[in-house]
Amino acid sequence: MRDETIKIAWKSVTKSFGRKTVLEGLDLVAYEGRSLVIIGGSGTGKSVTIKLALGLLRPDSGSVEIDGEAVEYGRENDPGVQQIGMLFQSGALFDSLSVWENVSFRLLHAEHVKKGEAKERAIAALDQVDLEADIADRRPAELSGGMQRRVALARAVVGKPNILFFDEPTTGLDPVTADLINQLIVRQVKTLGATAVTITHDMASMRAIADEVAMIRDGNILWHGDLEGVDSCENPTVCDFVAGRYSPEG
Amino acid sequence: MSLPNPFRATGRGVLALMRSAGAITLFAAAAVFAMVRPPYFLGQLLSQIWRIGFLSLPVVGLTAIFTGGALALNIYTGGSRFNAESFVPNIVALGIVRELGPVIAALMLAGRVSAGIAAEIGAMRATEQIDALHTLSTDPMRYLIAPRVLAGVLVLPILVAIANVIGVLGGFAVSTTSLGFDGAIYVQNTVDILTRWDVVSGLIKATVFGFLLTVMGCYHGYNAAGGAQGVGRATTNAVVGAAVLIFAANFLLTSWFV
């Protein structure tokens, strides 16, 4: 039976940058234990939607709630952040640290886990994303783009979060590596029983990851429904977008 | 009625300058707050002391020795016009310790350190590494900014003390080899002229300059926007801003100390 408990709620969120309004009264919910994929054209505010939920941006009006609690801006010291894992589009690995130090960053600096144990847990997390232990002491720059993305995924899941955000997880990867990343994401989300929110332009990725799909247009949600609804063309604009068909209406 | 364009442009410029000054002041206050509140990232601090301090030694040392030598030559040439050549050791020592040592070292570090910090933190901003720190329950102000600013404050006085010694030695080398000064008398005159306050005031200046040049690097890097071009702009602004602030602070501190 489907869990209808709301995990994350964006409530009438408005966000502008200068004169450009990106989100205009956006309402959206992510249900507990389900995987929501947000799609939409470039510059429609998909990344902003995630960054608001992470407390990296402050909404001009409205609010984002996780488990009914409003997300505070700049809340890195809030224990609530520790239940969140985030995979950034570029990986956002720290160049100056080794792979295992990247993966165990939160364990070392926020949870104050001892170095030896942190390294063991980092290697276990690398194993979960099909990476060998022998890359643990390498620097991120020595790895391929696909491996860097997997290291970033290991970093996102090492603390066993119950919410996972993925920002364009397959952008810039070849189709085979992209498929591997999709499979790893699905496996990790299932293993952790986490609520996942992914933004992507990659329709193969959407089909692999999503339980539900939401499309953003003109600063708000144009359509939100189950993955099956995308294929049955419940909304023609969504249908065109997913099929990659140009539509003069956007 | 709208103002004529030159006034409007000047007003806009002044407002932008004041906005920047306010933002930098708030950022500096946040950096100080982050320095005194745990958690402390000792590994980061030691790494920055190494990078800002030890790795800057060659450039600071070379600059100091050439400045000391050139200063001796200029004072000798100028002093010979009114039979004051014998003051070379005194003026070189005072000039280096009170003024040139701190200012030259700080300017070299504005080029080397402020630019490096702005580029590094700017690149971290562009590649979302700073956002990643937030999501990993780590405050970037404490992890990135505080160790750099603290390292600048701790290391600059040491670098300036070394620059002072090397600068005076530069003057000594030129004076004894080219200008006919006796080495023992040169050293005696140098020691006699310097007071403890001369040395301490120079080191206080160095501490202030260390704070300013690291804050400027951190501020411009942290607020970099617009990809590679933004990082380049941040680097330029950090160096120019740090240099201007060093000169302004030098004037204020000198007026206060004399």
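Residues numbered from 1 in each chain as written. Chains lettered and ligands numbered in written order. Predicted model: local features only at pLDDT ≥ 70, side-chain atom pairs only at ≥ 80, totals over all residues.

1. Some remarks on the overall build of chain B
Piece 1. Across its full length, chain B holds nine helices and zero strands.
Piece 2. Written out in order from the N terminus, the α and β elements of chain B read α-α-α-α-α-α-α-α-α.
Piece 3. Along the first, second and third principal axes, the C-alpha atoms of chain B reach 65 × 55 × 30 Å.
Piece 4. Taking all 258 residues of chain B together, the buried fraction comes to 48%.
Piece 5. Long-range contacts, defined as pairs at least 24 residues apart, comprise 87% of the intrachain contacts of chain B with a sequence gap of at least 6. (Helix = DSSP H or I, 4+ residues; strand = E, 2+ residues; numbered from the N terminus. Buried ≥ 20, exposed ≤ 12 C-beta atoms within 10 Å, placed from the backbone. Contact = placed C-beta atoms within 7 Å.)

2. Overview of the environment of A:A154
All names here are of chain A.
Piece 1. Relative to the helices and strands, A154 resides in helix α5 (residues 145-157).
Piece 2. The class for A154 is buried, based on 29 C-beta atoms found within 10 Å.
Piece 3. Taking the C-alpha atoms as reference, A154 lies 31 Å from D27; in sequence the two are 127 residues apart.
Piece 4. Residue contacts for A154: discarding those within four places in its chain leaves V103, A125, L126, Q128, V129 and L131.

3. A look at the sheet that holds strand β1 (residues 6-17) of chain A
Residues and elements named next belong to chain A.
Piece 1. Taken in spatial order, the four strands make up an open sheet running β2-β1-β4-β5, and their pairing is antiparallel. The open sheet terminates on both sides in strands that have one partner only, identified here as β2 (20-31) and β5 (69-70).
Piece 2. Sheet analysis places β1 next to β2, joined by nine bridges and oriented antiparallel. In the strand pairing of β2, S16 is matched with T21.
Piece 3. Relative to the sheet, helix α1 (residues 46-54) contacts β1, β2 and β4 (61-66), its axis offset from that of β1 by approximately 115°. (Pairing = 2+ DSSP bridges. Axes fitted to C-alpha atoms, helices over the stretch in contact; angles between N-to-C directions.)

4. Considering the environment of B:G53
Piece 1. One can find B:G53 in helix α2 (residues 42-53).
Piece 2. Beyond its immediate stretch of four places on either side in the chain, B:G53 contacts B:V155, B:I158 and B:L159.

5. Things to note about the sheet that holds strand β8 (residues 195-199) of chain A
Residues and elements named next belong to chain A.
Piece 1. Spatial strand order, β6-β7-β8-β3-β9-β10: six strands in an open sheet with mixed pairing. Of all the strands in the sheet, just β6 (84-87) and β10 (220-226) have a single pairing partner and so form its edges. Direction aside, the axes of adjacent strands within the sheet are offset by 15° on average.
Piece 2. As defined by bridge partners, strand β3 (residues 35-39) adjoins β8 across four bridges and the pair is classed as parallel. Counterpart to L36 in the pairing with β8 is V197.
Piece 3. α1 rests against β3, β6, β7 (163-167), β8 and β9 (212-217) of the sheet, and its axis sits at about 150° to β7.
Piece 4. Sitting on the sheet, helix α9 (residues 236-243) touches β3, β9 and β10, and the angle it makes with β10 is about 80°.

6. Points about the interface of chain A and chain B
Piece 1. Taken together, the 16 residues of chain A in the interface contact 11 residues of chain B.
Piece 2. Looking at the side of chain A that touches chain B, the elements with two or more residues in it are β6 and α3 (105-109) of chain A.
Piece 3. Counting residues per element, the side of chain A that touches chain B draws most heavily on α3(A), at three residues.
Piece 4. The residue makeup of the side of chain A that touches chain B, split by class, is 10 nonpolar, four polar and two charged. (Nonpolar A, V, L, I, M, F, W, Y, C, P; charged D, E, K, R; others polar.)

7. Here we look at α1(A)
Residue and element names in this part refer to chain A.
Piece 1. Taken across its nine residues, α1 has eight buried, putting it largely inside the fold.
Piece 2. Of all the residues in α1, the buried ones are K46, V48, T49, I50, K51, L52, A53 and L54.
Piece 3. Just past α1, the residue G55 takes up positive phi, approximately 80°.

8. Remarks on the packing of helix α6 (residues 140-177) of chain B against helix α7 (residues 183-193) of chain B
All names here are of chain B.
Piece 1. Here α6 crosses α7 at 145°, and the two axes come no closer than 10 Å. α6 and α7 meet at a crossing whose hand is right-handed. Along the contact surface, α6 presents V168, F172, S175 and T176, while α7 presents G183, Y186 and T190. (Left-handed = near helix turned anticlockwise from the far one by under 90°.)

9. Regarding the UniProt feature "transmembrane region" (unreviewed entry) in chain B
Residues and elements named next belong to chain B.
Piece 1. Under the local residue numbering, the UniProt record ascribes the feature "transmembrane region" (unreviewed entry) to residues 20-40, 52-75, 149-174, 203-222 and 234-257.
Piece 2. Along residues 203-222, the helical share is 100% and the strand share 0%, with 28 Å between the first and last C-alpha atoms.
Piece 3. Counting secondary structure, residues 234-257 comes out at 100% helix and 0% strand; the distance between its end C-alpha atoms is 33 Å. (UniProt positions renumbered as here; feature names shortened; annotations may be inferred.)

10. Focus: the packing of α6(B) against helix α8 (residues 196-222) of chain B
Residue and element names in this part refer to chain B.
Piece 1. One way to put it is that α6 packs onto α8 with a least axis distance of 7 Å and a crossing angle of 145°. In this structure, α6 meets α8 at a crossing whose hand is right-handed. In this structure, α6 contributes I145, R148, V149, G152, V153, V155, L156, P157, V160, A161 and N164 to the contact, and α8 contributes G202, L203, A206, T207, F209, G210, F211, L213, T214, V215, C218 and Y222.
Piece 2. Here the contact of α6 with α8 is composed, by residue class, of 16 nonpolar, six polar and one charged.

11. What about the confidence of the model for chain B?
Residue and element names in this part refer to chain B.
Piece 1. Here chain B averages 94 in pLDDT, while 98% of its residues score no lower than 70.
Piece 2. Of all helices and strands in chain B, the one with the weakest mean pLDDT is helix α1 (residues 5-36) (92), whereas α8 scores best (97).
Piece 3. Interface scoring of the predicted complex returns ipTM 0.88; its pTM is 0.88. (pLDDT = per-residue confidence, 0-100.)

12. Examining the nonpolar core
Piece 1. Among the nonpolar cores identified, the biggest contains 148 residues, and A:A154, B:A105, B:A106, B:L212 and B:L213 are the most heavily contacted of them.
Piece 2. Ranked by the residues each element gives to this core, the list is headed by helix α4 (residues 88-126) of chain B, at 21 residues. (Core = buried A, V, L, I, M, F, W, Y, C linked by C-beta atoms within 7 Å.)

13. What about unusual backbone geometry?
Piece 1. Of note, the bond from B:P38 into B:P39 is cis; its omega dihedral lies within 30 degrees of zero at 5°.
Piece 2. With respect to the helices, strands and loops of the structure, B:P39 is situated in the loop between α1 and α2.
Piece 3. The phi torsion at A:A92 lies on the positive side, around 55°, for a residue other than glycine.
Piece 4. Along the chain, A:A92 falls in the loop between β6 and α2 (99-103).
Piece 5. Classification of A:A92 by C-beta neighbours within 10 Å gives buried; the count is 24.
Piece 6. At A:H112, a residue that is not glycine, the phi angle is positive and equals roughly 55°.
Piece 7. Relative to the helices and strands, A:H112 is located in the loop between α3 and α4 (115-128).
Piece 8. Under the C-beta neighbour-count criterion, A:H112 is labelled exposed, with 9 such atoms within 10 Å.

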